[in-house]
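An overview of the molecular structure
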Amino acid sequence: MKASPMVEIKNLKKWFPMKSGFKSKSNLKAVDGVDLHIYGGETLGLVGESGCGKTTIGRTLIKIYEPTDGEFLYRGGDSSEGGVDIFSLSESKMRPFRREIQMVFQDPYASLNPRITVHDIISEGLRVHSMGKSREERKSMIAGILEKVGLRPEYMYRYPHEFSGGQRQRIGIARSMILNPGLVICDEPVSALDVSVQAQVINLLEDLKHDFGLTYLFIAHDLAVVKHICDRISVMYLGRIVETAETDQLFDNPLHPYTSGLLSSIPVPNPHMRKIGKREIVKGDIPSPVDPPETCRFVKRCPRAFDRCCKESPSLREVSDGHFVSCFLYD
Amino acid sequence: MERILEVDNLEISFRTQLGKITPVDGVSFGLSRGETLGIVGESGCGKTITAFSIIKLLPKNAFLGDNTKITFRGRDISTLSSEELQKIRGKSISMVFQEPMTSLNPLYTIGWQISEVYRLHEGLDEDAAMKRSIEMLRLVGIPEPQKRVKEFPHQLSGGMRQRVMIAMALACSPELLIADEPTTALDVTIQAQVLELMNELKNKFSTATIIITHDLGVIAEMCDRVLVMYAGQIVESGDIFDIFDKPMHPYTKGLINSIPKIEISKKDQKKLSVIDGYVPHPSSFPDGCRFRPRCPTAFEKCLEKPPMIESEGHHSVRCWLFEGDDM
């Protein structure tokens, strides 16, 4: 793989302050010290269960949420050699990167404005970023992108409610892709869709990546989908990355006890490979991210925890080529 | 094994502003003691209302067809009065719903809600009912059940709530348990816990179970037999291994091929095959075979309604491709 990554995220933190009556102020540490890197042209999967902070990362990267701490170095587009720290930019300096970094949202019902037509939804980005010289040119660009995502161009004057879930997700994808982005953050793009439609959208995302030379950060909880689409995977647990590795490496040789428990939990759609009664069960529930203790975050559910795990917090280390894990078992 | 449920020619229609629509028709199946049946299909295929109709949990504007007959342990459900139904619901037949968040009453403690089952169906007094509830909570793996019975649903996590739902459903050792997407709202590690629990309890009580889900993984893990539904009809039914090893209906094949294969390594993964088009709405089901517009192997004959054709080993399929294969 290429030597220097296109995206480097260092020590990203997003805390949400909580009001709690007379008690001293507490923080919901949704993301708490995350390091990620994404190479140009790859798909990095970010997986974890609900509440682990994966969606917060996606939203913080495009500054829907203001980051609490951290750096986001981006080397795409026409920026200088060393890359720019997106988080340090003013809103006006950030403008070109708003085009460069796009997002596809999870809920195809909530993410499209019901009161404007598909044409207006897609053309808004073009106008904001002064793409396309005239109305006519923009219209033909929209027709082109609709065709590319598998919708009929004449649908552009329809409203979102006239489309099914899968078609809406295609509209959301068209809205992002028309701006010619470098990095696309896909936040659970297929989890609201039925299986047969899910496959259509996965194939579409793969085709677009290939045709436009895109880089994806693919946030999802469905590990079968992630395995299919991603080159590398980062596993999150309670605001931190616990393991990052190439896809096959992660599935064949999971190191972190949480990763192996997670993989063992997945029901396999093959009755010959039934695991019921013999799987490795991750006991207990996900603890609260409000003021988590400075220990390993997984310690309470971990079958292999020892003294040190209750006292210190492990950091993400590279244990073999490209395989990072945050666990004292490998220290 | 003793046959406990027989659903014959189920047809469910709704009176709507647009006229009568019939989202489920011609559905027949049976269930024996201790057996687990999976109903799989995409949203809108009618799988949930099919299961709800067994205990008459349908909206007011819904009605069953004239030829529909649902027999539970030899009694025709449609002839029962609402008092008689009340006695069956929660005792002989009980349900686990998809959303543990909305199917528990937020105003009562979970102990009260579980012990209600014992008070109503077994006539126990409050103390005895509460004792049984604590036992039941322990059985479904809730830690410190004496403390938990005094808590309200909002104090529990999603997985815990689903365990409470299961405890409530199994309180009177029902003969039939209907679980509607029991793990869909749960995270995968919690889903694994709940599936293990359901399996354990099923083996213990030999409850007949119907699991409704869109997740072929859950089906493969849990079920003995499967019904595949599409657009309000059963398109294929058979033994779990037959369905996965030799699917016959083009829809079943398409469904199995369109899910990413987690058991295959990344480098060997192929492009997903897709089923073109979208699931039709009940007000505009196509004539003839309902899958025809999306079917890669459709031919002239498919303009006529295909019958259910049985092949060997109770493996049936609703598709003209298998006409003449009758055995």
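The text that follows walks through the structure, step by step, so that each part is easy to find. Since the model is a prediction, treat every value here as computed from it, not as a measurement.

Residues and elements named next belong to chain B. If you walk across this open sheet you meet the eight strands as S7-S8-S9-S3-S10-S11-S13-S12, and the pairing is mixed. Of all the strands in the sheet, just strand S7 (93-96) and strand S12 (309-310) have a single pairing partner and so form its edges. For S7 and strand S8 (residues 176-180), the ladder comprises four bridges, and the chain directions are parallel. In the sheet register, Val96 faces S8, and the bridge partner there is Ala179.

Even without being a glycine, Lys63 of chain A presents a positive backbone phi close to 55°. The topology assignment puts Lys63 of chain A in the loop between helix H1 (54-61) and strand S4 (69-74). Note on Lys63 of chain A: relative accessible area 14%, which makes it buried. We note that Asn9 of chain B has phi near 55°; this positive angle belongs to a residue other than glycine. Here Asn9 of chain B shows up in strand S1 (residues 3-16).

Facing 51 residues of chain A, the contacting portion of chain B comprises 47 residues. In total, about 4,200 Å² of surface goes out of reach between chain A and chain B, with carbon and sulfur atoms giving 56% of it. Area buried by chain A at its contact with chain B is led by His228, Pro269 and Ile276 of chain A, which between them contribute 15% of it. Residue Lys271 of chain B pairs with Asp207 of chain A through a salt bridge whose shortest N-O separation is 2.6 Å. Where chain A packs against chain B, one counts 30 residue pairs in polar contact (both at pLDDT 80 or more). Secondary structure elements with two or more residues in the side of chain A that touches chain B: helix H5 (165-177), helix H6 (195-212), helix H7 (223-229), helix H8 (247-252) and helix H9 (257-265) of chain A. Broken down by element, the side of chain A that touches chain B gets its largest block of residues, nine residues, from H6 of chain A.

Our focus in this paragraph is the nonpolar core. Counting residues in each nonpolar core, the largest one holds 67 residues, and the members touching the most others are Ile173, Met177, Leu205 and Phe218 of chain A. For this core, the element with the most residues is H6 of chain A, which contributes seven residues. Excluding anything up to four places from it in sequence, Ile173 of chain A contacts Val104, Val149, Val201, Leu204, Leu205 and Leu208 of chain A. Counting residues in each nonpolar core, the second largest holds 62 residues, with Ile134, Ala169, Leu195 and Ala231 of chain B among its members.

Let's shift gears to helix H8 (residues 188-205) of chain B. All names here are of chain B. For H8, with 18 residues, the first-to-last C-alpha span of 26 Å sits near the 26 Å given by 1.5 Å per residue. The element H8 is extensively covered by neighbouring structure, given that 14 of its 18 residues are classed as buried. Two residues or fewer past H8, Ser206 is found with a positive phi of approximately 40°.

Our next topic: helix H3 (residues 118-128) of chain A. All names here are of chain A. Buried within H3 we find Val118, His119, Ile121, Ile122, Ser123, Gly125 and Leu126. Check the buried side of H3 and you find it contacts helix H4 (135-148) and H5. One or two residues past the end of H3 sits Ser130, with phi positive at roughly 50°.

This paragraph deals with a nonpolar patch on the surface. On the surface, Leu107, Tyr108 and Trp112 of chain B cluster together into a nonpolar patch covering about 320 Å² of accessible area. For Trp112 of chain B, the position within the fold is in helix H4 (residues 110-122).

Take the pairing of strand S10 (residues 240-246) of chain A next. Where a strand is regular, its side chains alternate between the two sheet faces. All names here are of chain A. Burial analysis of S10 places six of its seven residues in the buried class, which makes it a mostly covered element. Sheet topology note: the strand S9 (residues 232-237)/S10 ladder contains six bridges and is antiparallel. Bridge pairing in S10 places Ile233 opposite Ala245. Hairpin connection from S9 to S10: two residues lie between these consecutive antiparallel strands, with Leu238 at a positive phi of about 45°. Two elements, S10 and strand S12 (residues 323-325), share two bridges in a ladder whose sense is antiparallel. Bridged to Thr244 within S12 is Phe324.

Now for the pattern of salt bridges. All names here are of chain A. According to the stated counting rule, one finds 30 salt bridges over all chains in the structure shown. For Arg232, the salt bridge goes to Glu42, with nearest N and O atoms at 2.8 Å. You can see Arg232 sitting in strand S9 and its partner Glu42 sitting in the loop between strand S2 (26-38) and strand S3 (43-47), a full 190 residues away along the chain. With a relative accessible area of 4%, Arg232 lands in the buried category. Residue class for Glu42 comes out buried when judged on its relative accessible area of 1%. A salt bridge links Arg308 to Asp331; its shortest N-O distance comes to 3.0 Å. Of this pair, Arg308 sits in the loop between H9 and strand S11 (317-320) while Asp331 sits in the segment after S12, placing them 23 residues apart in sequence. According to the relative accessible area criterion, Arg308 is partly exposed, its value standing at 30%. Relative accessible area serves as the criterion here: at 52%, Asp331 is assigned to the exposed category. One continuous salt-bridge network, built from bridges that share partners, spans Asp32, Arg240, Glu294 and Arg297.

This next bit is on the state of the cysteines. Residue and element names in this part refer to chain B. Tallied over the entire structure, the rule returns zero disulfides over all chains. With no disulfide of its own, Cys45 lies closest to Cys223 among cysteine sulfurs, the gap being 14 Å. Distance from the sulfur of Cys302, which forms no disulfide, to the nearest cysteine sulfur (Cys289) is 5.8 Å.

With that out of the way, let us pick up the packing of aromatic side chains. All names here are of chain A. Scanning the entire structure with this criterion turns up 13 aromatic pairs over all chains. With a centroid separation of 5.2 Å and an interplanar angle of 65°, the aromatic rings of Tyr258 and Phe298 are classed as edge-to-face. Here the residue Tyr258 occupies a position in helix H9, and Phe298 occupies one in the loop between H9 and S11, the gap between them amounting to 40 residues. Comparing Tyr258 with Phe298 shows no difference in burial state: the two are buried. Each residue in the set Phe72, Tyr74, Phe87 and Phe97 is aromatic and connected to the rest through ring pairs, giving one cluster. Above the plane of the ring of Trp15 lies Lys29, whose end atom (NZ or CZ) is 4.2 Å from the centre.

This paragraph deals with the side chain of Asp85 of chain A. All names here are of chain A. If you trace the backbone, Asp85 turns up in strand S5 (residues 84-85). The side chain of Asp85 sits in the buried core without any salt bridge; Lys63 is the nearest counter-charge, 7.8 Å away. Reaching out from Asp85, the side chain makes a polar contact with the backbone nitrogen of Phe72 at a distance of 3.0 Å. Among the polar contacts made by the side chain of Asp85, one reaches the main-chain amide nitrogen of Phe87 at a distance of 3.1 Å.

Right, let's get into the sheet that holds S5 of chain A. Residues and elements named next belong to chain A. Spatially, four strands are ordered S2-S1-S4-S5 in an open sheet, and the strand pairing comes out antiparallel. Here the strands that pair on one side only, and so sit at the sheet edges, are S2 and S5. In this structure, strand S1 (residues 7-18) lies alongside S2, joined through ten bridges in antiparallel fashion. When the bridges of S2 are listed, Lys14 appears paired with Val31. Packed onto the sheet, H1 meets S1, S2 and S4 and runs at close to 110° relative to S1.

What counts, and where the lines are drawn
Residues numbered from 1 in each chain as written. Chains lettered and ligands numbered in written order. Predicted model: local features only at pLDDT ≥ 70, side-chain atom pairs only at ≥ 80, totals over all residues. Heavy atoms only, no water. Pairing = 2+ DSSP bridges. Helix = DSSP H or I, 4+ residues; strand = E, 2+ residues; numbered from the N terminus. Buried < 20%, exposed > 50% of the residue type's maximum accessible area, 1.4 Å probe, protein only. Contact = heavy atoms within 4.5 Å. Buried area = accessible area lost by both parts, 1.4 Å probe. Salt bridge = Lys/Arg side-chain N within 4 Å of Asp/Glu carboxyl O. Polar contact = N/O pair within 3.5 Å; in protein donor to acceptor, adjacent residues only side chain to side chain. Core = buried A, V, L, I, M, F, W, Y, C linked by side-chain atoms within 4.5 Å. Expected span 1.5 Å × (residues − 1). Patch = residues over 30% accessible without salt bridge, like charges linked within 9 Å, V, L, I, M, F, W, Y side chains within 5 Å. Areas by Shrake-Rupley, 256 points an atom, 1.4 Å probe, with all protein chains shown as cover. Disulfide = S-S within 2.5 Å. Phe/Tyr/Trp six-rings, centres within 6.5 Å; stacked < 30°, edge-to-face > 60°. Lys NZ or Arg CZ within 6 Å of the ring centre and 35° of its normal. Lys, Arg positive; Asp, Glu negative; His and termini not counted. Axes fitted to C-alpha atoms, helices over the stretch in contact; angles between N-to-C directions.

Everything listed here is a matter of coordinates, which is why it stays silent on function.
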